[in-house]
Amino acid sequence: MNSLIFCNRIALGSALLLGSSGAFAQADEARAKKIAGGSCFLCHGAQGESTSEVFPRLAGQNAEYVAKQLNAFKNGQRKSSAMTEMVAKLTHEEMLALGKYYEKFSLPREEAKEPQLAAMGRYIYHNGNKFSGVPSCVSCHGQNAEGSANLPRLATQFSGYIHTQLKSFNKRDRTNDNAVMHVVAEKMTELEMAAVAEYVSSK
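Note that the structure is a prediction, hence the values are computed from the model and not measured. (Residues numbered from 1 in each chain as written. Predicted model: local features only at pLDDT ≥ 70, side-chain atom pairs only at ≥ 80, totals over all residues. Heavy atoms only, no water.)

Asks: Tell me about the nonpolar core, residues and numbers included.
Replies: Counting 22 residues, the largest nonpolar core has Tyr125, Ala145, Ile162, Leu166, Met188, Val196 and Val200 as the members making the most contacts within it. At the level of secondary structure, the elements contributing two or more residues to this core comprise helix H5 (115-127), helix H7 (159-170), helix H8 (178-185) and helix H9 (190-201). Ranked by residues supplied to this core, first place goes to H9 with five residues. In this structure, Val200 is in contact with Tyr125, Ala145, Leu154, Ala155, Thr156 and Ile162, ignoring residues within four places of it in sequence. Among the nonpolar cores identified, the runner-up in size contains 19 residues, and Ile35, Ala36, Met95 and Tyr102 belong to it. (Core = buried A, V, L, I, M, F, W, Y, C linked by side-chain atoms within 4.5 Å. Buried < 20%, exposed > 50% of the residue type's maximum accessible area, 1.4 Å probe, protein only. Helix = DSSP H or I, 4+ residues; strand = E, 2+ residues; numbered from the N terminus. Contact = heavy atoms within 4.5 Å.)

Asks: Help me get a handle on the packing of H7 against H9, residues and values and all.
Replies: Where H7 meets H9, the axes come as close as 8 Å, and the angle between the chain directions of the two elements is 140°. Considered as vectors, H7 and H9 are oriented oblique to each other. Seen from above, H7 lies across H9 with right-handed handedness. Residues Ser159, Ile162, His163, Leu166, Lys167 and Asn170 of H7 lie in contact with H9, whose contacting residues are Glu190, Met193, Ala194, Ala197, Glu198, Val200 and Ser201. Residues of the contact of H7 with H9, tallied by class, amount to six nonpolar, four polar and three charged. (Axes fitted to C-alpha atoms, helices over the stretch in contact; angles between N-to-C directions. Parallel < 35°, antiparallel > 145°, perpendicular 65-115°, else oblique. Left-handed = near helix turned anticlockwise from the far one by under 90°. Nonpolar A, V, L, I, M, F, W, Y, C, P; charged D, E, K, R; others polar.)

Asks: Now, about unusual backbone geometry: what can you tell me, with residues and values included?
Replies: Here the phi dihedral of Arg172 falls at roughly 60°; this positive angle occurs in a residue that is not glycine. Relative to the helices and strands, Arg172 is located in the loop between H7 and H8. For Arg172, a relative accessible area of 46% translates into the label partly exposed. Of note, the phi angle at Asp177 is positive, near 55°, even though the residue is not glycine. Counting through the fold element by element, Asp177 comes out in the loop between H7 and H8.

See the structure below:
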């Protein structure tokens, strides 16, 4: 009998804990939606669908990666006068909540605007360039350019935005996520950067 009571108490405690977690998750999402609707949507769109290549699409981006970038803007590892001001008051929990908010959205796949350029990009993405030492991108960013918790999803991102970031790594103007990307991008030609950007944007 005592054993049954003990088990029931454990079950009740677990249910309360799960219910509490669900409530916190809903509160986090509500907070993230409020933040996104208050300032982020001006550049990135209401659901992270940005309509300008100047601003990255956040829809479908990995939540942890979004939080990592927001923190980098806040602590100065990544430079942007606009973003530094936007994230100044965000807590780590709010950054992660924003990441989870945008991660749940998706964007339709679009065909490459320049198929021949994308075909070249496909080869470099999957095989690299053995003649110049450019490694393949697939080993880090995945077969479908979906990235991971610490690496960006490149699929469905604007090709122009990706190209700009590759050039920033190439010139060492981007000051975070640089341990590998500086070494990779500094070996890439302008054509190779444009080709890879065109390819992954259509994934």
